[in-house]
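Structural characterization, general
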Amino acid sequence: ARPKIQASSQSGAVRVLADAAYSEALTGLIKNATSRIDLVMFLFKTSPSNNNRPAGLVRELVAAKKRGVAVRVMLEYSNHDPSLNEANQETAQALRKGGVTVFFDSPERTTHAKLAVIDRRYCLVGSHNLTQAALKHNHELSLMLDNPALAEEILAYMETILH
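Now for a quick tour of the structure. (Residues numbered from 1 in each chain as written. Predicted model: local features only at pLDDT ≥ 70, side-chain atom pairs only at ≥ 80, totals over all residues. Heavy atoms only, no water.)

**Let's talk about the nonpolar core**
What counts, and what does not: In this description, a nonpolar core means a group of buried Ala, Val, Leu, Ile, Met, Phe, Trp, Tyr and Cys residues linked to one another through side-chain atoms lying within 4.5 Å. Working definition: with a 1.4 Å probe on protein chains only, accessible area under 20% of the residue-type maximum means buried, over 50% means exposed, and in between means partly exposed. In what follows, a contact means two residues having at least one pair of non-hydrogen atoms within 4.5 Å.
Grouped together as the largest cluster of nonpolar side chains are 30 residues, with contacts concentrated most on I37, L61, V73 and L130. If sequence neighbours within four positions are ignored, I37 has contacts with I30, L61, A64, V69, A70, V71, R72, V117 and I118.

**What to know about the pairing of strand β6 (residues 122-126)**
Put simply, the rule reads: Any two strands with at least two DSSP-identified bridges between them are counted as paired. Starting at the N terminus, helices and strands are each numbered in turn, a helix being any DSSP run of H or I of at least four residues and a strand any DSSP run of E of at least two.
Alignment of strand β5 (residues 114-118) against β6, held across 4 bridges, turns out to be antiparallel. Opposite L115, over in β6, you have V125 as the bridge partner. The antiparallel hairpin formed by β5 and β6 contains 3 residues in its connecting segment, where D119 sits at a positive phi of about 55°. Taken together, the 5 bridges between β6 and strand β7 (residues 141-146) define a ladder with antiparallel strand orientation. Paired with V125 across the strands is L143, a residue of β7.

**What to know about helix α2 (residues 53-66)**
Formally: By this rule the span expected of a helix is its residue count minus one, scaled by 1.5 Å. Each polar contact in these results corresponds to two N or O atoms within 3.5 Å; when the atoms are within protein, one needs to be able to donate a hydrogen and the other to accept it, and residues that are neighboring in sequence are counted only if both atoms are side-chain atoms.
In a regular helix each residue adds 1.5 Å, so 14 residues correspond to 20 Å; α2 covers 20 Å between its end C-alpha atoms and thus fits that length. Restricting attention to buried positions, one finds in α2 the residues P54, A55, G56, L57, V58, E60, L61, V62 and A64. Sitting at the head of α2, N52 places a side-chain oxygen 2.9 Å from the backbone nitrogen of A55. Looking one or two residues past α2, G68 carries a phi angle of roughly 100°, positive in sign.

Below, the structure is given as structure tokens:
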């Protein structure tokens, strides 16, 4: 078993989310969000198979929206990778059907970031895309930071992607 690393339980805490631990952490943050969820993802690929973790995240994001949380998702749109575009467009359609606001970046510039900011406080930054492979099988590493000041910096960066 891998050791769980956590700096502390108060504001400013940093937690390492290795491999599949990211999926559990992101799901928990979405379920407990009270005001706002902002995501930027290079790839958000769902499938209809049972226990597909990205499809579960779509359901949780829609549920958050339905309980009054502002949910915004920004995805990569590529001018050279039609399979990535197909996956992201399919996910965007499911999110929009549930009332979630979805944006795509400019095809002239690749958005390779993998970011989540929950309630302007919790920041997830790292290597995880929202795919079954990344959330269940791959060696991936991300950090969860409880830091409102950092959250504001990341949200400001997200705004630059929209413009």
